[in-house]
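# Per-entry structural report
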Amino acid sequence: MSISSVLVAASCIALYTAHQTLTRLHPVSVNLPTLRLKETFVEREAMEVDVVIVGAGPAGLSTACRLAQASQENGQELSIVVVEKGSEVGAHLLSGAVFEAKALTELFPNWKEDGAPLNTPVTRDDIFYLTGAEKGIKVPNLFVPKTMHNEGNYIVSIGNVCRWLAEQAEALGVEIYPMTPATEVLFNDDGSVKGIATGDFGIDKEGKHKDSYTPGMELHAKYTVFSEGCRGQLGKQLIQKFKLDADADPQHYGIGIKELWDIDPALHEPGLVVHTAGWPLSESSSAGGGFLYHIENNQVALGLITDLSYSNPHVSPFDEMQRWKTNPNIKKYLEGGKRVSYGARALVKGGLQSLPKMTLPGAILVGDNAGTLNFAKIKGNHTAMKSGMLAAEVIAKAIADGRQNDELTEYKDAFEKSWVYEELHTQRNFGPAQHKFGNLIGSAFAFIDLNIMNGKLPFTLRDLTPDHETLKPASESKKIEYPRPDGKITFNKLDSVFLSNTSHEADQPVHLKLTDPNIPLDINLPKWDEPAQRYCPAGVYEVVAEDDGSKRFQINAENCVHCKTCDIKDPSQNITWVAPEGGGGPNYPNM
């Protein structure tokens with residue numbers, strides 16, 4: 001049986017089951033201790049390929065395209081397979097996004113002629129420091145860190161960019177399989193990575209096989225590339241198993257909550273980029289900032305990034321974003337408009353100091369799976385793409401030399417000689433400065449560091465506290481009373497999740513795993529008022545009061561938009577996000 005027939009069959013089953021139950025905010029109470037897969041051995045189909053790439057985002061697709069190009073240049077015939085957990089390429093992709101085309105131009109010099117969807121060049125940058133609910137100060141361009149200037153960049157939907165990249169990859173001979181989550185890393189006897197196994201279909205919530213059961217399959221490769229994005233399930237496992245972060249600072253994260261609006265054409269300025277700092281996050285001494293980008297078709301993409309180093313457990317990033325929209329500098333564009341899409345995704349922002357070792361025997365981590373985002377620019381797509389292109393060139397040469405499943409140690413040298421490393425090194429102090437000094441003073445520091453010293457200060461700031469360790473006890477933190485949504489500018493979580501087109505098969509094991517099901521009520525609730533109720537932007541976690549006065553921790557897994565925030569911010573590190581059945585999750589049209 002061919003790889004195509006096996007994976008296509010699995011994808012068809014996933015598509016059928018995903019449409020059986022739309023996750024329209026239907027709370028499912030689960031008895032977590034019973035979630036154990038039935039121990040029934042089913043032999044999995046195994047296929048041999050040259051390279052398997054996990055994740056069809058900008059890093060993975062750029063790896064695939066450059067690898068296919070290099071193989072053709074070298075007269076090789078390589079079998080390259082990309083597996084993607086979303087229902088289609090782009091379904092799970094969410095980014096701002098102001099896009100720097102440097103890596104794309106290297107990969108496809110004729111991208112304009114070939115129809116890449118970079119349709120809106122940036123025409124102007126406006127930056128505000130919001131001093132309160134009704135006020136804001138526009139920052140003169142002279143005092144803006146130069147990394148925030150976007151001349152020559154484009155406002156894009158990264159989902160649409162990656163759909164276009166997927167078309168280019170397939171034209172080069174790459175095979176791409178959506179609805180095919182990689183759920184297990186496979187190892188050779190010598191400990192090197194052998195490949196991946198894809199997830200099973202047709203397992204009910206009790207762990208038993210349904211009539212639709214189909215086992216996953218194994219993909220064995222000479223080299224495996226992990227490009228799952230921020231807090232990737234398998235990348236996280238590999239970092240821990242091989243201690244790839246032993247010499248790095250803790251990784252740091254934010255959660256980006258984004259909406260897409262149709263607005264009054266009279267208020268639309270194609271190419272206008274607006275960024276904000278300060279209110280409302282400043283009220284809880286939290287870091288982060290907002291963005292509003294005028295894209296084509298009288299639409300704006302807007303959102304708020306909340307740094308997950310926040311300390312007040314009462315903070316709700318979703319509600320902070322709703323409040324942020326009411327400031328006149330943002331609201332003036334939305335009045336009379338209509339919200340058409342919603343989504344959320346964690347982003348990796350630790351920078352150079354937090355980069356783990358990116359290679360291990362038989363495999364390599366690229367893009368945000370490793371942490372290549374440049375937070376000083378609030379951009380990571382171009383660096384993710386370049387990291388994948390570098391990996392492709394190293395892999396192509398290794399295979400041409402007859403190597404396989406060894407460690408591609410030469411990648412480190414290639415990466416450190418690239419413009420990605422130079423960019424991350426120059427801007428290495430931006431994130432730690434924001435953590436140490438806050439947005440206002442941190443931005444002033446960034447101005448001196450980047451605009452005056454050009455990133456050549458003789459020291460490197462560090463932030464050694466992981467984000468999950470920053471919460472103060474709820475009893476020591478100010479409660480935050482968020483206003484009720486008005487249904488015009490501000491909205492609730494459940495109505496928002498509806499606009500993410502999130503869908504999961506209801507009868508499957510919960511994909512949000514608790515190491516200890518007692519921790520939410522026994523530890524997290526009394527100490528931090530169980531912050532999962534608030535940091536989740538999709539209403540997945542609830543503490544429910546029973547009629548007898550007892551409490552129950554409820555997981556509404558069908559609402560999950562796969563942002564990974566719970567996996568990152570849970571103060572007890574008790575929640576592990578794993579991939580559900582293929583095709584499950586959000587279905588973003590052009591986020």
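Structure shown above.
Here we summarise the structure given alongside this text.

Thresholds applied
- Residues numbered from 1 in each chain as written.
- Predicted model: local features only at pLDDT ≥ 70, side-chain atom pairs only at ≥ 80, totals over all residues.
- Heavy atoms only, no water.
- Helix = DSSP H or I, 4+ residues; strand = E, 2+ residues; numbered from the N terminus.
- Rg over C-alpha atoms; globule rule 2.2 N^0.38 Å.
- Buried < 20%, exposed > 50% of the residue type's maximum accessible area, 1.4 Å probe, protein only.
- Phe/Tyr/Trp six-rings, centres within 6.5 Å; stacked < 30°, edge-to-face > 60°.
- Lys NZ or Arg CZ within 6 Å of the ring centre and 35° of its normal.
- Salt bridge = Lys/Arg side-chain N within 4 Å of Asp/Glu carboxyl O.
- Polar contact = N/O pair within 3.5 Å; in protein donor to acceptor, adjacent residues only side chain to side chain.
- Contact = heavy atoms within 4.5 Å.
- Patch = residues over 30% accessible without salt bridge, like charges linked within 9 Å, V, L, I, M, F, W, Y side chains within 5 Å.
- Areas by Shrake-Rupley, 256 points an atom, 1.4 Å probe, with all protein chains shown as cover.
- Pairing = 2+ DSSP bridges.
- Axes fitted to C-alpha atoms, helices over the stretch in contact; angles between N-to-C directions.
- Expected span 1.5 Å × (residues − 1).

### A closer look at the overall build of the protein chain
Each helix and strand counted, the protein chain has 15 helices and 24 strands in total. Scaling as 2.2 N^0.38, a compact globule of 591 residues should have a C-alpha radius of gyration of about 25 Å, and the protein chain matches this with 23 Å. Each principal axis of the C-alpha atoms in the protein chain carries an extent, and together these give about 65 × 65 × 45 Å. Burial status across the protein chain gives 62% buried among its 591 residues.

### Points about the packing of aromatic side chains
For any pair of aromatic rings, the description rests on two quantities: the centre-to-centre distance and the angle between the ring planes. Inspection of every chain in the model, using the stated rule, returns 13 aromatic pairs. A ring pair is formed by Phe108 and Trp164, whose centres lie 5.6 Å apart and whose planes are at 80°; its orientation type is edge-to-face. In this pair, Phe108 is assigned in the loop between helix H3 (102-107) and strand S4 (120-121) and Trp164 in helix H4 (residues 158-171), connecting sequence segments 56 residues apart. For the pair Phe108 and Trp164, a shared accessibility class is recorded, and that class is buried. Ring geometry for Phe143 and Phe447: centres 6.1 Å apart, planes at 50°, overall tilted. Linking Phe143 in the loop between strand S6 (137-138) and strand S7 (154-155) with Phe447 in helix H11 (residues 430-452), this pair joins segments that are 304 residues apart in sequence. For Phe143, a relative accessible area of 48% corresponds to the partly exposed category. Taken together, the ring pairs connect Tyr411, Phe415 and Tyr421 into an aromatic cluster. In this structure, Lys564 packs its charged tip against the face of Trp577, placed 4.4 Å from the ring centre. The aromatic ring of Tyr310 is capped on one face by Lys569, whose charged end is 4.4 Å from the ring centroid.

### So, the pattern of salt bridges
All told, the structure shown has 29 salt bridges when counted by the stated rule. Asp406 is the partner of Arg403 in a salt bridge, and the nearest nitrogen-oxygen pair spans 2.7 Å. Arg403 sits in the partly exposed class, given a relative accessible area of 25%. Glu546 serves as the salt-bridge partner of Arg552, at 2.6 Å between the closest nitrogen and oxygen. Members of the salt-bridge network, linked through shared partners, are Arg124, Asp126, Lys138 and Glu269.

### Observations regarding the side chain of Ser286
With respect to the secondary-structure elements, Ser286 resides in the loop between strand S15 (272-278) and strand S16 (288-294). Since its relative accessible area comes to 6%, Ser286 is described here as buried. A distance of 2.8 Å separates polar atoms of two side chains, one belonging to Ser286 and the other to Ser284. Setting aside residues up to four positions removed in sequence, Ser286 forms contacts with Leu281, Tyr310, Val315 and Asn439.

### Overview of a nonpolar patch on the surface
Side chains of Phe437, Leu440 and Ile441 sit close together on the surface and give an oily, nonpolar patch of about 310 Å² of accessible area. Looking at the secondary structure, you find Leu440 in helix H11. We classify Leu440 as exposed; its relative accessible area is 53%.

### Re the sheet that holds strand S18 (residues 338-348)
Here we have 7 strands laid out as an open sheet, ordered S6-S5-S15-S16-S17-S14-S18, and mixed in their pairing. Single-partner strands in this sheet number two, and they are S6 and S18. Relative to S18, strand S14 (residues 253-262) runs antiparallel, the two being bridged by 10 bridges. Following the sheet pairing, Trp261 is matched in S18 by Arg339. Packing against the sheet, helix H6 (residues 317-324) makes contact with strand S5 (124-130), S14, S15, S16, strand S17 (299-307) and S18, and its axis sits at approximately 135° to S17.

### Section: helix H8 (residues 381-400)
For H8, with 20 residues, the first-to-last C-alpha span of 29 Å sits near the 28 Å given by 1.5 Å per residue. In terms of burial, H8 is largely enclosed, as 17 of its 20 residues are buried. With its phi angle positive at about 85°, Gly402 sits one or two positions after the end of H8.

### A short note on unusual backbone geometry
That bond from Gly96 to Ala97 is cis: its omega, -10°, falls within 30 degrees of zero. Its place among the elements puts Ala97 in the loop between strand S2 (80-83) and strand S3 (98-99). In this structure, Lys243 takes a positive phi of about 50° despite not being glycine. Along the chain, Lys243 turns up in the loop between helix H5 (233-241) and S14. A relative accessible area of 61% means that Lys243 is categorised as exposed.

### Regarding the side chain of Thr372
Its location among the elements puts Thr372 in the loop between strand S20 (363-365) and H8. According to the relative accessible area criterion, Thr372 is buried, its value standing at 0%. Setting aside anything within four residues of it in sequence, one finds Thr372 in contact with Leu355, Met358, Gly367, Thr383, Ala384, Ser387, Phe415 and Leu424.

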